[in-house]
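Here's the letter readout for the chains.
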Amino acid sequence: MRCPYCGNDDTQVKDSRPTEDSSAIRRRRICPSCGGRFTTFERVQLRELTVIKKSGRKEPFERDKLARSVSTALRKRAIGPERIERLISGIVRQLESSGETEVASGEIGRLVMEALKSLDDVAYVRFASVYRNFREARDFHELLGELKGDEEKSDEDVG
Ligand SMILES: [Zn+2]
């Protein structure tokens, strides 16, 4: 595994253990060249998926790309890497189990929004504002209204 910091091809595994839900193996690695530390996850891939972009263009589904946009939405939020990993795995599992080999990019966006909504409001709004491509402040208020509605609902559930 290549070091993401210096590009050295020969990094060492320091620790290897299953994630909380046992769906992946988490490996802590260290680069002997620059001392950089990073973590990799090994997991099952059930099938190859193709994403259909809005333009109609097709490209192979990349988990890393999904992970990046989710991480961007969750930047500086108090959500641990294991929970983020689980959220992404959950989305990928839904995509893989749909039975389709092609999936619209909008459908992936919808699944991410759903998942973030139950995890973190700020991340949800961040992601939704990019995904829905807000042009007007009104769109934003509508979204906040949706969140507010949910909170009222969850209050009832608790009480
Ligand atoms: Zn390195």
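Worth saying up front: this structure is predicted, and the values here are computed from it rather than measured.

(A) Molecular detail of the side chain of Glu-82. By secondary structure assignment, the location of Glu-82 is in helix H2 (residues 81–96). With a relative accessible area of 16%, Glu-82 lands in the buried category. In terms of polar contacts, Glu-82 uses its side chain to reach the side chain of Arg-26, at 3.2 Å. Apart from the residues within four sequence positions on either side, Glu-82 is in contact with Arg-17, Thr-19, Glu-20 and Arg-26.

(B) Layout of the nonpolar core. Counting residues in each nonpolar core, the largest one holds 28 residues, and the members touching the most others are Leu-66, Val-70 and Leu-116. Among the secondary structure elements, those contributing two or more residues to this core are helix H1 (63–73), H2, helix H3 (105–117) and helix H4 (121–131).

(C) How the structure looks around the pattern of salt bridges. Inspection of the entire model under this criterion finds 14 salt bridges. The residue Glu-85 makes a salt bridge to Arg-63 at a minimum N-O spacing of 3.4 Å. You can see Glu-85 sitting in helix H2 and its partner Arg-63 sitting in helix H1, a full 22 residues away along the chain. Residue class for Arg-63 comes out buried when judged on its relative accessible area of 15%.

(D) Up close: the coordination of the zinc ion. The zinc ion binds to the protein through Cys-3 (SG), Cys-6 (SG), Cys-31 (SG) and Cys-34 (SG), with metal-donor distances spanning 2.3 to 2.4 Å. Residue classification places Cys-3 among the buried positions, given a relative accessible area of 2%.

(E) Region of interest: the side chain of Glu-59. Examined against the element boundaries, Glu-59 turns out to sit in strand S5 (residues 58–60). Given a relative accessible area of 17%, Glu-59 falls into the buried group. Filtering out sequence-adjacent residues up to four positions away, Glu-59 remains in contact with Leu-49, Thr-50, Val-51, Lys-53 and Lys-65.

(F) Expanded view of the confidence of the model for the protein. Put simply, the protein has an average pLDDT of 84, and 84% of its residues get 70 or more. Low confidence marks residues 154–159, where pLDDT is under 50. Its contacts with residues over four positions away, or in another chain, come to 0 contacts.

(G) Here's a closer look at the packing of H3 against H4. Between H3 and H4, whose axes approach to 8 Å, the crossing angle comes to 160°. Classified by the interaxial angle, the pair formed by H3 and H4 is roughly antiparallel. As for the relative orientation of H3 and H4, their crossing is left-handed in sense. Along the contact surface, H3 presents Gly-106, Gly-109, Arg-110, Val-112, Met-113, Leu-116 and Lys-117, while H4 presents Asp-121, Ala-123, Tyr-124, Phe-127, Ala-128 and Tyr-131. Taken together, the residues of the contact of H3 with H4 sort by class into 8 nonpolar, 2 polar and 3 charged.

What counts and what doesn't
- Residues numbered from 1 in each chain as written.
- Predicted model: local features only at pLDDT ≥ 70, side-chain atom pairs only at ≥ 80, totals over all residues.
- Heavy atoms only, no water.
- Helix = DSSP H or I, 4+ residues; strand = E, 2+ residues; numbered from the N terminus.
- Buried < 20%, exposed > 50% of the residue type's maximum accessible area, 1.4 Å probe, protein only.
- Polar contact = N/O pair within 3.5 Å; in protein donor to acceptor, adjacent residues only side chain to side chain.
- Contact = heavy atoms within 4.5 Å.
- Core = buried A, V, L, I, M, F, W, Y, C linked by side-chain atoms within 4.5 Å.
- Salt bridge = Lys/Arg side-chain N within 4 Å of Asp/Glu carboxyl O.
- Donors = N, O, S within 2.8 Å, 3.2 Å for Na, K, Ca; no water.
- pLDDT = per-residue confidence, 0-100.
- Axes fitted to C-alpha atoms, helices over the stretch in contact; angles between N-to-C directions.
- Parallel < 35°, antiparallel > 145°, perpendicular 65-115°, else oblique.
- Left-handed = near helix turned anticlockwise from the far one by under 90°.
- Nonpolar A, V, L, I, M, F, W, Y, C, P; charged D, E, K, R; others polar.

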